[in-house]
Amino acid sequence: MKIAVVGAGLMGGGIAQVSALAGHEVTLQDVGQESLARGKDTIAASLAKFADKGRISQDEAEAALDRIRPTTDLEAVGDADIVVEAVFEKLEIKADVFRRLDAICADSAVLATNTSAIPITTIAAVTERPEMVVGTHFFSPVPLMKLCELVRGYKTSDQTMDRARDFAEGVGKTVVVVNRDVAGFVTTRLITALAMEAIALVESGVASAEDVDTACRLGFGHAMGPLETADMTGVDIIFNATSNIYADSQDEKFSPPEILRRMVTAGDLGRKTGRGFYDYS
Ligand SMILES: NC(=O)c1ccc[n+]([C@@H]2O[C@H](COP(=O)([O-])OP(=O)(O)OC[C@H]3O[C@@H](n4cnc5c(N)ncnc54)[C@H](O)[C@@H]3O)[C@@H](O)[C@H]2O)c1
């Protein structure tokens, strides 16, 4: 199968890598020559690591790398059976990419998006083929994380869901199906709901951040507590995620608590700024 990936960043590079390893010819497109070179280097380094660990052979690593064709020309994705978009999480950028893909790609091509939160229906609506647009939500790092959320837009056809499932399973992922493209899908909704309750417990003085995280780690076997996770992901990212879900659902449990809003305004965004729910300075 011919696969095209648009956006050679963290996620696009990973999706290109697993696709090439599964034997697909891959066109990897990005607007930036530098991003493209960085993307290809990251893929080469990751494949080399897999080979060093004996998880794939040296030949397999080299063959996979050879199957990836980097380009800055979007027209080059025109022969793909499935295109996976993984550009910045901005609706106007994704909408522009999908409008152009719709014009460039064969009528039979499935157009998939790796968006984390934008409803698939919103992206599909800019095309003349909304029945062939689907969400394939991979997780980072793509070569290691086994999950792909398959998200159905309002008009996505069963055939498109089947083709996207075959692709995702073919690159080694386990698929969970999200039958309606509610904001946050299943995974972001779950993790956000837990984070909002954890923040509310800390805000109201019921427990400290440390104790809430310890409760989740030792009580539930989570690898990290929700507040440590928020600091690692970025307090602003969590804020944006919950705000988007709240705007879409009007469900009060996603309404951002006051402390979260203040932290974002004050610039306490977690590890990346040295302070979030914990102090890293
Ligand atoms: N990072 C994660 O953990 C994660 C997890 C799941 C889903 N996602 C989603 O995946 C998508 C990509 O995220 P990422 O973390 O890989 O971002 P990133 O910033 O690492 O990469 C985005 C890439 O898109 C390129 N790009 C921007 N505009 C473009 C255009 N018009 N045409 C072609 N390329 C363009 C950029 O040059 C960049 O290389 C986003 O929608 C994000 O929400 C991210």
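Notes on the structure follow. All values reported here derive from a predicted model rather than from experimental measurement.

Rules used throughout
- Residues numbered from 1 in each chain as written.
- Predicted model: local features only at pLDDT ≥ 70, side-chain atom pairs only at ≥ 80, totals over all residues.
- Heavy atoms only, no water.
- Helix = DSSP H or I, 4+ residues; strand = E, 2+ residues; numbered from the N terminus.
- Expected span 1.5 Å × (residues − 1).
- Buried < 20%, exposed > 50% of the residue type's maximum accessible area, 1.4 Å probe, protein only.
- Contact = heavy atoms within 4.5 Å.
- Salt bridge = Lys/Arg side-chain N within 4 Å of Asp/Glu carboxyl O.
- Pairing = 2+ DSSP bridges.
- Axes fitted to C-alpha atoms, helices over the stretch in contact; angles between N-to-C directions.
- 1 Å grid on protein atoms, 1.4 Å probe; cavity = no way out; pocket = protein on both sides within 12 Å on 5 of 7 lines; lining within 4 Å.
- Points joined across faces, edges and corners; volume = space filled by probe spheres on them.
- Nonpolar A, V, L, I, M, F, W, Y, C, P; charged D, E, K, R; others polar.

Notes on helix 7 (residues 187-203)
Phase 1: Over its 17 residues, helix 7 runs 24 Å from end to end, which matches the ideal 24 Å to within 8%, given 1.5 Å per residue.
Phase 2: The complete set of buried residues in helix 7 reads T188, R189, T192, A195, M196, A198 and I199.
Phase 3: Summarising the contacts, the buried residues of helix 7 are in contact with strand 6 (133-138), helix 8 (209-220), helix 9 (226-233), helix 10 (235-249) and helix 11 (258-266).
Phase 4: Two residues or fewer past helix 7, G205 is found with a positive phi of approximately 80 degrees.

A few points about the pattern of salt bridges
Phase 1: A full pass over the atoms with the stated rule returns 13 salt bridges.
Phase 2: Taking the shortest distance from any N to any O, the salt bridge between K2 and D79 comes out at 3.6 Å. Here K2, found in strand 1 (residues 2-6), pairs with D79, found in the loop between strand 3 (68-71) and strand 4 (82-85); they are 77 residues apart in sequence, far enough to count as distant.
Phase 3: With a relative accessible area of 37%, K2 lands in the partly exposed category.
Phase 4: Among the ionic pairs, R152 bridges to D158, the shortest N-O distance being 2.8 Å.
Phase 5: A relative accessible area of 21% means that R152 is categorised as partly exposed.
Phase 6: Given the relative accessible area of 51%, D158 is considered exposed.
Phase 7: Within the structure, one salt-bridge network assembled from shared partners comprises K2, R69 and D79.

Re the sheet that holds strand 8 (residues 174-178)
Phase 1: The 8 strands are arranged 3-2-1-4-5-6-7-8 in an open sheet whose pairing can be described as mixed. The strands lining the two open edges of the sheet, one partner per strand, are strand 3 and strand 8. Recorded for the sheet is a direction-independent mean angle of 25 degrees between the axes of neighbouring strands.
Phase 2: Of the strand pairs in this sheet, strand 2 (residues 25-29) and strand 3 are connected by 4 bridges, and their pairing is parallel. When the bridges of strand 3 are listed, L28 appears paired with P70.

Description of empty space enclosed by the protein
Phase 1: With the rule as written, the count across this model stands at 1 cavity of 30 Å³ or more.
Phase 2: Residue assignment for the lining of the largest cavity shows that the elements contributing at least two residues are helix 7 and helix 9.
Phase 3: Broken down by element, the residue count for the lining of the largest cavity peaks at 3 residues, all from helix 9.
Phase 4: Of the residues contributing to the lining of the largest cavity, the split by class is 5 nonpolar, 1 polar and no charged.

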